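Understanding the architecture of this molecule
Given next are the chains, with one letter for each unit.
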Amino acid sequence: MSKELTSLLQALESDVVTFTFTKVNKSSRIAEGTRNLDIIPINHHPKGTGKTPGADLIVFFDWQKQQWRSCRKDSVFGPWKVTEKHKAIRDIAEKAKLI
């Protein structure tokens, strides 16, 4: 695994990260996601289905869609960046009011 991909996976564990990947239909998608359960709304926490994702997948909570998504590790390309924490927390508070 590349150093860049390892860094992305580590960032997803603690922050909301913006990154780009190629979808199965060959179109590209910019995702804003996280794996940090401290900032994912409680009603979206994993339910424990017993399914284990493949080692070639990145499973993340999509901040825009408010749903869990995945992409292939080898489909991620280009630079990625951490979204500002205060913005992420503000977004959570606003979305909580809507739910």
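Criteria and cut-off values
Residues numbered from 1 in each chain as written. Predicted model: local features only at pLDDT ≥ 70, side-chain atom pairs only at ≥ 80, totals over all residues. Heavy atoms only, no water. Helix = DSSP H or I, 4+ residues; strand = E, 2+ residues; numbered from the N terminus. Buried < 20%, exposed > 50% of the residue type's maximum accessible area, 1.4 Å probe, protein only. Contact = heavy atoms within 4.5 Å. Areas by Shrake-Rupley, 256 points an atom, 1.4 Å probe, with all protein chains shown as cover. Phe/Tyr/Trp six-rings, centres within 6.5 Å; stacked < 30°, edge-to-face > 60°.

This next bit is on the overall build of the chain. Helix and strand content of the chain: two helices and five strands. Buried positions account for 34% of the 99 residues belonging to the chain. Partitioning the contacts of the chain with sequence separation of at least 6, the portion at a separation of at least 24 is 52%. Split by element, the accessible area of the chain, about 6,600 Å² in all, is 56% carbon and sulfur.

Moving on: the packing of aromatic side chains. Following the criterion strictly, the structure yields five aromatic pairs and no others. A ring pair is formed by phenylalanine 21 and phenylalanine 60, whose centres lie 6.3 Å apart and whose planes are at 70 degrees; its orientation type is edge-to-face. Here phenylalanine 60 lies in strand E3 (residues 57-62) and phenylalanine 21 lies in strand E1 (residues 17-22), a separation of 39 residues in the sequence. Here phenylalanine 21 and phenylalanine 60 have matching classes, each one buried. Note on phenylalanine 61 and tryptophan 68: the rings are 5.7 Å apart at their centroids and 70 degrees apart in plane angle, and the pair reads as edge-to-face. By way of ring pairs, the aromatic residues Phe19, Phe21 and Phe60 are connected into one cluster.

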